[in-house]
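Working through the structure, step by step
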Amino acid sequence: MKKLLLYLLLSTMFVYANTIDTADSFYSKAQYKKAFESYQKACQNKSSEGCYKVGFMYENKQRVKQDFKKAFEFYDKACTLGNERACYKVGVCYDKGGILKLKTDYKKAEKYYSKSCKKGFALACYNLGSVYQYYLEPKKNAQKSLAMYKAACEKSFLLGCYKVGNILNKQKDTKGAATWYKKGCDKEDTESCFRLVDIYIKDIATTNPDGYKKLLKVYKERCDKEDTVMCYKLAVLHATGRGTRQNYIKAKQIYERGCNLGDNASCLEYLMLDDMGF
(Lines give C-alpha, C1' and ligand atoms only; values in the text may rest on other atoms or scores of the structure.)
Protein backbone atom coordinates (compact mmCIF):
# COMPACT_ATOMS: atom_id res chain seq x y z
CA MET A 1 0.00 0.00 0.00
CA LYS A 2 2.84 2.38 0.91
CA LYS A 3 4.59 1.64 -2.38
CA LEU A 4 1.38 2.38 -4.26
CA LEU A 5 0.93 5.72 -2.48
CA LEU A 6 4.54 6.65 -3.15
CA TYR A 7 4.12 5.72 -6.82
CA LEU A 8 0.99 7.87 -7.11
CA LEU A 9 2.71 10.80 -5.38
CA LEU A 10 5.76 10.66 -7.63
CA SER A 11 3.60 10.26 -10.71
CA THR A 12 1.54 13.29 -9.75
CA MET A 13 4.68 15.37 -9.12
CA PHE A 14 6.03 14.33 -12.52
CA VAL A 15 2.80 15.33 -14.26
CA TYR A 16 2.81 18.74 -12.53
CA ALA A 17 6.45 19.36 -13.37
CA ASN A 18 5.96 18.25 -16.95
CA THR A 19 2.93 20.54 -17.34
CA ILE A 20 4.84 23.54 -15.98
CA ASP A 21 7.85 22.77 -18.18
CA THR A 22 5.58 22.62 -21.21
CA ALA A 23 3.89 25.88 -20.25
CA ASP A 24 7.23 27.59 -19.64
CA SER A 25 8.42 26.42 -23.03
CA PHE A 26 5.36 27.96 -24.71
CA TYR A 27 5.82 31.16 -22.69
CA SER A 28 9.51 31.52 -23.62
CA LYS A 29 8.51 31.31 -27.28
CA ALA A 30 5.83 34.00 -26.77
CA GLN A 31 3.10 31.42 -27.49
CA TYR A 32 1.03 32.97 -24.73
CA LYS A 33 -2.32 31.39 -25.53
CA LYS A 34 -0.90 27.86 -25.26
CA ALA A 35 1.13 28.86 -22.20
CA PHE A 36 -1.95 30.28 -20.48
CA GLU A 37 -3.95 27.11 -21.13
CA SER A 38 -1.11 24.96 -19.79
CA TYR A 39 -0.69 27.11 -16.68
CA GLN A 40 -4.45 26.91 -16.10
CA LYS A 41 -4.29 23.12 -16.28
CA ALA A 42 -1.38 23.06 -13.85
CA CYS A 43 -3.25 25.35 -11.48
CA GLN A 44 -6.31 23.09 -11.59
CA ASN A 45 -3.98 20.30 -10.50
CA LYS A 46 -2.92 22.44 -7.51
CA SER A 47 0.40 23.66 -8.90
CA SER A 48 1.31 26.87 -7.07
CA GLU A 49 3.55 27.95 -9.95
CA GLY A 50 0.74 27.35 -12.44
CA CYS A 51 -1.65 29.52 -10.42
CA TYR A 52 0.98 32.23 -10.03
CA LYS A 53 1.62 32.34 -13.77
CA VAL A 54 -2.10 32.55 -14.55
CA GLY A 55 -2.34 35.51 -12.19
CA PHE A 56 0.75 37.07 -13.75
CA MET A 57 -0.69 36.79 -17.25
CA TYR A 58 -3.99 38.30 -16.15
CA GLU A 59 -2.12 41.17 -14.53
CA ASN A 60 0.10 41.84 -17.55
CA LYS A 61 -2.48 41.32 -20.31
CA GLN A 62 -0.67 38.47 -22.05
CA ARG A 63 -3.13 36.95 -24.55
CA VAL A 64 -5.96 37.41 -22.04
CA LYS A 65 -8.01 40.47 -21.17
CA GLN A 66 -6.33 42.36 -18.35
CA ASP A 67 -8.21 41.56 -15.17
CA PHE A 68 -6.63 42.64 -11.88
CA LYS A 69 -9.36 41.02 -9.80
CA LYS A 70 -8.70 37.61 -11.37
CA ALA A 71 -4.96 38.18 -11.07
CA PHE A 72 -5.39 38.82 -7.36
CA GLU A 73 -7.57 35.71 -6.94
CA PHE A 74 -4.98 33.50 -8.62
CA TYR A 75 -2.14 35.05 -6.62
CA ASP A 76 -4.10 34.36 -3.44
CA LYS A 77 -4.68 30.77 -4.52
CA ALA A 78 -1.02 30.33 -5.45
CA CYS A 79 -0.02 31.69 -2.05
CA THR A 80 -2.29 29.20 -0.32
CA LEU A 81 -0.48 26.50 -2.28
CA GLY A 82 2.88 27.84 -1.08
CA ASN A 83 4.17 30.19 -3.80
CA GLU A 84 6.33 32.87 -2.15
CA ARG A 85 6.09 35.39 -5.01
CA ALA A 86 2.31 35.14 -4.98
CA CYS A 87 2.21 35.76 -1.22
CA TYR A 88 4.36 38.83 -1.78
CA LYS A 89 2.02 40.10 -4.53
CA VAL A 90 -1.02 39.77 -2.24
CA GLY A 91 0.90 41.41 0.59
CA VAL A 92 1.67 44.42 -1.60
CA CYS A 93 -2.04 44.84 -2.33
CA TYR A 94 -2.85 45.05 1.38
CA ASP A 95 0.21 47.18 2.15
CA LYS A 96 0.28 49.67 -0.72
CA GLY A 97 -2.98 49.09 -2.60
CA GLY A 98 -1.27 47.17 -5.39
CA ILE A 99 -3.02 46.23 -8.60
CA LEU A 100 -6.48 46.39 -7.00
CA LYS A 101 -5.85 49.60 -5.04
CA LEU A 102 -7.22 47.88 -1.95
CA LYS A 103 -7.82 49.69 1.31
CA THR A 104 -4.72 49.41 3.47
CA ASP A 105 -4.79 46.50 5.92
CA TYR A 106 -1.40 46.10 7.57
CA LYS A 107 -2.40 43.03 9.56
CA LYS A 108 -3.22 41.19 6.33
CA ALA A 109 -0.08 42.57 4.72
CA GLU A 110 1.88 41.18 7.68
CA LYS A 111 0.29 37.77 7.20
CA TYR A 112 1.15 37.49 3.51
CA TYR A 113 4.60 39.07 3.71
CA SER A 114 5.44 36.75 6.59
CA LYS A 115 4.49 33.68 4.53
CA SER A 116 6.61 34.90 1.63
CA CYS A 117 9.59 35.86 3.81
CA LYS A 118 9.61 32.48 5.58
CA LYS A 119 9.88 30.85 2.16
CA GLY A 120 12.93 32.94 1.33
CA PHE A 121 11.57 35.88 -0.69
CA ALA A 122 13.84 38.73 0.39
CA LEU A 123 11.71 41.65 -0.79
CA ALA A 124 8.82 40.39 1.35
CA CYS A 125 11.12 40.40 4.39
CA TYR A 126 12.14 43.97 3.61
CA ASN A 127 8.57 45.18 3.09
CA LEU A 128 7.48 43.51 6.31
CA GLY A 129 10.31 45.32 8.10
CA SER A 130 8.97 48.57 6.67
CA VAL A 131 5.42 47.76 7.80
CA TYR A 132 6.67 47.14 11.33
CA GLN A 133 8.91 50.22 11.35
CA TYR A 134 6.41 52.77 10.10
CA TYR A 135 2.82 51.51 10.29
CA LEU A 136 2.03 48.53 12.49
CA GLU A 137 2.72 49.54 16.10
CA PRO A 138 6.27 50.80 15.41
CA LYS A 139 7.42 51.01 19.03
CA LYS A 140 6.10 47.57 19.92
CA ASN A 141 7.48 45.99 16.74
CA ALA A 142 10.88 47.72 16.62
CA GLN A 143 12.78 44.47 17.14
CA LYS A 144 10.62 42.64 14.60
CA SER A 145 11.36 45.38 12.08
CA LEU A 146 15.09 45.03 12.68
CA ALA A 147 14.86 41.24 12.36
CA MET A 148 13.05 41.49 9.03
CA TYR A 149 15.58 43.93 7.59
CA LYS A 150 18.35 41.59 8.74
CA ALA A 151 16.58 38.68 7.03
CA ALA A 152 16.31 40.71 3.82
CA CYS A 153 20.02 41.52 3.99
CA GLU A 154 21.00 37.89 4.60
CA LYS A 155 18.90 36.92 1.58
CA SER A 156 20.93 39.44 -0.49
CA PHE A 157 18.42 42.29 -0.66
CA LEU A 158 21.03 44.97 -0.01
CA LEU A 159 18.72 47.75 1.08
CA GLY A 160 18.01 45.56 4.11
CA CYS A 161 21.69 45.77 5.15
CA TYR A 162 21.57 49.55 4.75
CA LYS A 163 18.40 49.87 6.84
CA VAL A 164 19.83 47.76 9.68
CA GLY A 165 22.95 49.93 9.65
CA ASN A 166 20.85 53.10 9.78
CA ILE A 167 18.73 51.88 12.69
CA LEU A 168 21.75 50.80 14.74
CA ASN A 169 23.62 54.00 13.89
CA LYS A 170 20.67 56.04 15.11
CA GLN A 171 20.78 54.02 18.34
CA LYS A 172 24.47 55.03 18.70
CA ASP A 173 25.59 51.43 18.12
CA THR A 174 28.28 52.37 15.61
CA LYS A 175 30.04 49.02 15.88
CA GLY A 176 26.85 47.14 15.03
CA ALA A 177 26.00 49.65 12.30
CA ALA A 178 29.44 49.20 10.73
CA THR A 179 28.96 45.42 10.69
CA TRP A 180 25.75 45.69 8.67
CA TYR A 181 26.94 48.51 6.42
CA LYS A 182 29.95 46.32 5.62
CA LYS A 183 27.65 43.43 4.66
CA GLY A 184 25.92 45.72 2.19
CA CYS A 185 29.13 47.34 1.01
CA ASP A 186 30.84 43.99 0.40
CA LYS A 187 27.88 43.11 -1.85
CA GLU A 188 28.48 46.37 -3.77
CA ASP A 189 25.80 48.58 -2.25
CA THR A 190 27.35 52.03 -2.67
CA GLU A 191 25.18 53.76 -0.05
CA SER A 192 26.27 51.23 2.56
CA CYS A 193 29.90 51.84 1.56
CA PHE A 194 29.54 55.59 2.05
CA ARG A 195 28.02 55.15 5.51
CA LEU A 196 30.67 52.59 6.45
CA VAL A 197 33.50 54.87 5.36
CA ASP A 198 31.95 57.72 7.34
CA ILE A 199 32.04 55.58 10.50
CA TYR A 200 35.66 54.56 9.87
CA ILE A 201 36.78 58.15 9.28
CA LYS A 202 34.96 59.49 12.34
CA ASP A 203 36.45 56.70 14.46
CA ILE A 204 39.96 57.72 13.41
CA ALA A 205 39.27 61.46 13.55
CA THR A 206 38.05 61.30 17.15
CA THR A 207 41.13 59.39 18.31
CA ASN A 208 43.68 61.28 20.40
CA PRO A 209 46.48 62.26 17.96
CA ASP A 210 49.02 60.94 20.45
CA GLY A 211 47.67 57.47 19.80
CA TYR A 212 48.06 57.41 16.00
CA LYS A 213 51.48 55.73 15.99
CA LYS A 214 50.16 52.98 18.24
CA LEU A 215 47.12 52.58 16.00
CA LEU A 216 49.37 52.41 12.95
CA LYS A 217 51.17 49.42 14.45
CA VAL A 218 47.93 47.68 15.54
CA TYR A 219 46.24 48.23 12.17
CA LYS A 220 49.28 46.91 10.28
CA GLU A 221 49.54 43.78 12.42
CA ARG A 222 45.86 42.98 11.89
CA CYS A 223 45.95 43.92 8.22
CA ASP A 224 48.82 41.47 7.79
CA LYS A 225 46.43 38.85 9.19
CA GLU A 226 43.94 39.77 6.44
CA ASP A 227 41.57 41.83 8.58
CA THR A 228 40.08 44.01 5.84
CA VAL A 229 38.65 46.62 8.24
CA MET A 230 42.10 47.17 9.68
CA CYS A 231 43.61 47.38 6.18
CA TYR A 232 41.13 50.11 5.33
CA LYS A 233 41.90 52.07 8.49
CA LEU A 234 45.64 51.62 7.96
CA ALA A 235 45.30 53.07 4.47
CA VAL A 236 43.38 56.05 5.90
CA LEU A 237 46.26 56.81 8.28
CA HIS A 238 48.72 56.83 5.39
CA ALA A 239 46.39 58.89 3.18
CA THR A 240 45.77 61.51 5.86
CA GLY A 241 49.24 61.57 7.42
CA ARG A 242 48.18 60.43 10.86
CA GLY A 243 50.96 58.72 12.80
CA THR A 244 53.16 58.70 9.70
CA ARG A 245 54.06 60.86 6.71
CA GLN A 246 51.21 61.38 4.27
CA ASN A 247 51.68 58.90 1.43
CA TYR A 248 48.91 58.36 -1.11
CA ILE A 249 50.88 55.73 -3.03
CA LYS A 250 51.29 53.65 0.13
CA ALA A 251 47.63 54.16 0.95
CA LYS A 252 46.66 53.03 -2.54
CA GLN A 253 48.73 49.85 -2.16
CA ILE A 254 46.97 49.02 1.11
CA TYR A 255 43.54 49.78 -0.37
CA GLU A 256 44.43 47.43 -3.22
CA ARG A 257 45.33 44.72 -0.70
CA GLY A 258 41.99 45.19 1.07
CA CYS A 259 40.18 45.13 -2.25
CA ASN A 260 41.88 41.88 -3.24
CA LEU A 261 40.72 40.44 0.08
CA GLY A 262 37.12 41.26 -0.87
CA ASP A 263 36.56 44.60 0.86
CA ASN A 264 34.49 46.75 -1.48
CA ALA A 265 35.06 49.97 0.47
CA SER A 266 38.79 49.53 -0.15
CA CYS A 267 38.07 48.91 -3.84
CA LEU A 268 36.24 52.23 -4.12
CA GLU A 269 39.05 54.14 -2.42
CA TYR A 270 41.66 52.39 -4.61
CA LEU A 271 39.79 53.36 -7.77
CA MET A 272 39.44 56.96 -6.59
CA LEU A 273 43.20 57.27 -5.94
CA ASP A 274 43.92 55.57 -9.25
CA ASP A 275 41.70 58.09 -11.07
CA MET A 276 43.64 60.86 -9.32
CA GLY A 277 46.85 59.51 -10.82
CA PHE A 278 48.48 57.93 -7.77
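Residues numbered from 1 in each chain as written. Predicted model: local features only at pLDDT ≥ 70, side-chain atom pairs only at ≥ 80, totals over all residues. Heavy atoms only, no water.

1. As for the nonpolar core
- Counting residues in hydrophobic clusters, the biggest one holds 80 residues, and the most contacted among them are Y113 and Y255.
- Excluding residues that lie within four positions of it along the chain, Y113 makes contacts with Y88, G91, V92, D95, K96, A124, N127, L128 and V131. (Core = buried A, V, L, I, M, F, W, Y, C linked by side-chain atoms within 4.5 Å. Buried < 20%, exposed > 50% of the residue type's maximum accessible area, 1.4 Å probe, protein only. Contact = heavy atoms within 4.5 Å.)

2. Describing helix α2 (residues 32–44)
- Its 13 residues give α2 an end-to-end C-alpha distance of 18 Å, which sits within 8% of 18 Å, the value for a rise of 1.5 Å per residue.
- What α2 keeps buried is the set A35, F36, S38, Y39, A42 and C43. Buried residues of α2, viewed axially, fall in a sector of 165 degrees; they line one side.
- Looking one or two places after α2, you find K46, whose phi comes out positive at around 70 degrees. (Helix = DSSP H or I, 4+ residues; strand = E, 2+ residues; numbered from the N terminus. Expected span 1.5 Å × (residues − 1). Arc of directions from axis to C-beta.)

3. Things to note about the packing of helix α5 (residues 84–96) against helix α6 (residues 106–118)
- The contact between α5 and α6 brings their axes to 8 Å, and the two run at 160 degrees. Our classification of the angle between α5 and α6 gives roughly antiparallel. For the pair α5 and α6, the crossing hand works out as left-handed. Each of E84, C87, Y88, V90, G91, V92, Y94, D95 and K96 in α5 lies in contact with α6, whose residues at this interface are Y106, K108, A109, Y112, Y113, K115 and S116. (Axes fitted to C-alpha atoms, helices over the stretch in contact; angles between N-to-C directions. Parallel < 35°, antiparallel > 145°, perpendicular 65-115°, else oblique. Left-handed = near helix turned anticlockwise from the far one by under 90°.)

4. Concerning the side chain of S266
- Assignment of secondary structure puts S266 in helix α15 (residues 264–275).
- Setting aside residues up to four positions removed in sequence, S266 forms contacts with Y232, Y255, G258 and C259.

5. Here's the deal with the pattern of salt bridges
- All chains considered together, the criterion is met by 14 salt bridges.
- Between K53 and D24 there is a salt bridge, with its nearest N and O atoms 3.2 Å apart. A residue pair is termed long-range when its members are at least 10 positions apart, and K53 in helix α3 (residues 48–59) and D24 in helix α1 (residues 2–28) qualify at 29 residues.
- Under the relative-accessibility criterion, K53 is labelled buried at 15%.
- Notably, a salt bridge pairs K252 with D274, separated by 2.7 Å at the nearest N-O pair. You can see K252 sitting in helix α14 (residues 248–260) and its partner D274 sitting in helix α15, a full 22 residues away along the chain.
- By relative accessible area, which is 13% here, K252 ends up buried.
- A single salt-bridge network, built from bridges that share partners, covers D24, E49, K53 and R85. (Salt bridge = Lys/Arg side-chain N within 4 Å of Asp/Glu carboxyl O.)

6. Concerning unusual backbone geometry
- With a phi close to 45 degrees, E137 is a non-glycine residue in the positive phi region.
- Accessibility expressed as a relative area gives 45% for E137, which makes it partly exposed.
- In this structure, E226 is a non-glycine residue whose phi angle is positive, near 70 degrees.
- Here E226 falls in the exposed class, since its relative accessible area comes to 51%.

7. Re a nonpolar patch on the surface
- There is a patch of nonpolar side chains on the surface, built from I249, M272, M276 and F278 and spanning about 390 Å² of accessible area.
- Looking at where F278 falls in the secondary structure, it is placed in the segment after α15. (Patch = residues over 30% accessible without salt bridge, like charges linked within 9 Å, V, L, I, M, F, W, Y side chains within 5 Å. Areas by Shrake-Rupley, 256 points an atom, 1.4 Å probe, with all protein chains shown as cover.)

8. With respect to the packing of helix α7 (residues 122–134) against helix α8 (residues 142–154)
- Axis separation between α7 and α8 bottoms out at 8 Å; the angle between their running directions is 160 degrees. Judged by the angle between their axes, α7 and α8 are roughly antiparallel. Where α7 crosses over α8, the two elements pack in a sense that is left-handed. Taken together, the residues of α8 that come into contact with α7 (itself represented by A122, C125, Y126, L128, G129, S130, Y132, Q133 and Y134) are K144, S145, M148, Y149, A151 and A152.

9. Focus on the confidence of the model for the chain
- The predicted model of the chain averages 91 in pLDDT, with 94% of residues at 70 or higher.
- Taken element by element, the chain is modelled with least confidence in α1, mean pLDDT 61, and with most confidence in α6, mean pLDDT 98.
- Low confidence marks residues 4–16, where pLDDT is under 50. Its contacts with residues over four positions away, or in another chain, come to two contacts. (pLDDT = per-residue confidence, 0-100.)

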